[in-house]
Amino acid sequence: MKAKPVVPREQANRDVDDAVAYYLNDTTEAVALGFMDALEHAYTHIARHPATGSPRYAHELNLHGLRTWPLTRYPYLVFYVERFDHIDVWRVLHGERDIPAGMQELDGV
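Residues numbered from 1 in each chain as written. Predicted model: local features only at pLDDT ≥ 70, side-chain atom pairs only at ≥ 80, totals over all residues. Heavy atoms only, no water.

Draft legend 1. Representation of the nonpolar core in the model. With 20 residues, the main nonpolar core has F35, Y43, L71, Y76, V78, V89 and V92 as its most contacted residues. Secondary structure elements with two or more residues in this core: α1 (10-26), α2 (29-48), β3 (76-82) and β4 (87-94). In this view, V89 contacts V6, V7, P8, R9, A12, Y43, I46, V78, F79 and Y80; residues no more than four positions away in its chain are not counted. The next biggest cluster of nonpolar side chains, apart from the first, holds twelve residues, and it includes A58, L77, V81 and I99. (Core = buried A, V, L, I, M, F, W, Y, C linked by side-chain atoms within 4.5 Å. Buried < 20%, exposed > 50% of the residue type's maximum accessible area, 1.4 Å probe, protein only. Helix = DSSP H or I, 4+ residues; strand = E, 2+ residues; numbered from the N terminus. Contact = heavy atoms within 4.5 Å.)

Structure representation (structure tokens):
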């Protein structure tokens, strides 16, 4: 199967920027770089295998096609929908966050 391009929405990019800023302010540059590496691995995985993400929140939030994929060694989840020609990344949220409230902040769903 050919990998699909991963296209993060503006809000997903803001989520990533916020996470990196947190890690840079409260931990070390190495931790922030590790987060970015883990995110890149997650994006690569969902680009190649989009159906492997969990549909749990799709059912809870009644958002058809929504899937999540966890980052390795970081408590973040990538929320995405597989489209015909790309992977639409909606959010990148901390797993301890109020997920339903975070998903209400979607831009242009």
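Having put the structure on the table, let's press on.
Draft legend 2. Representation of the pairing of β4 within the structure. Among the eight residues of β4, seven are classified as buried, and the element is accordingly described as predominantly covered. The sheet contact formed by strand β1 (residues 6-8) and β4 spans three bridges and is parallel. Bridging from a neighbouring strand, V6 pairs with I87 of β4. Note: β3 against β4, seven bridges, orientation antiparallel. By the bridge assignment for β4, L77 is matched with L93. If you look at the hairpin formed by β3 and β4, you'll find four residues sitting between the two strands. (Pairing = 2+ DSSP bridges.)

Draft legend 3. Region of interest: the side chain of R91. Mapped onto the fold, R91 is located in strand β4. Taking relative accessible area as the criterion, R91 reaches 0% and is therefore assigned buried. There is a polar contact of 2.6 Å between the side chain of R91 and the side chain of D15. (Polar contact = N/O pair within 3.5 Å; in protein donor to acceptor, adjacent residues only side chain to side chain.)

Draft legend 4. Quick look at the pattern of salt bridges. All chains considered together, the criterion is met by six salt bridges. In this structure, E82 engages K4 in a salt bridge whose closest nitrogen and oxygen atoms are separated by 2.8 Å. Of the two residues, E82 sits in strand β3 while K4 sits in the segment before β1, which places them 78 residues apart along the sequence. Overall, the relative accessible area of 19% leaves K4 in the buried class. Put simply, R83 and D88 hold a salt bridge, and the shortest N to O gap is 3.2 Å. R83 gets classed as partly exposed once you look at its relative accessible area, which sits at 33%. The exposure class assigned to D88 is buried, which follows from its relative accessible area of 7%. Counted as one network, the salt bridges with shared partners bring together R9, R83 and D88. (Salt bridge = Lys/Arg side-chain N within 4 Å of Asp/Glu carboxyl O.)

Draft legend 5. Structural context of the packing of α1 against α2. Running from N to C, α1 and α2 cross one another at 150 degrees; their axes reach a closest spacing of 7 Å. Relative to α2, the element α1 lies roughly antiparallel. Handedness of the crossing formed by α1 with α2: right-handed. In this structure, α1 contributes V16, A19, V20, Y23 and L24 to the contact, and α2 contributes E29, V31, A32, F35, M36, L39 and Y43. (Axes fitted to C-alpha atoms, helices over the stretch in contact; angles between N-to-C directions. Parallel < 35°, antiparallel > 145°, perpendicular 65-115°, else oblique. Left-handed = near helix turned anticlockwise from the far one by under 90°.)

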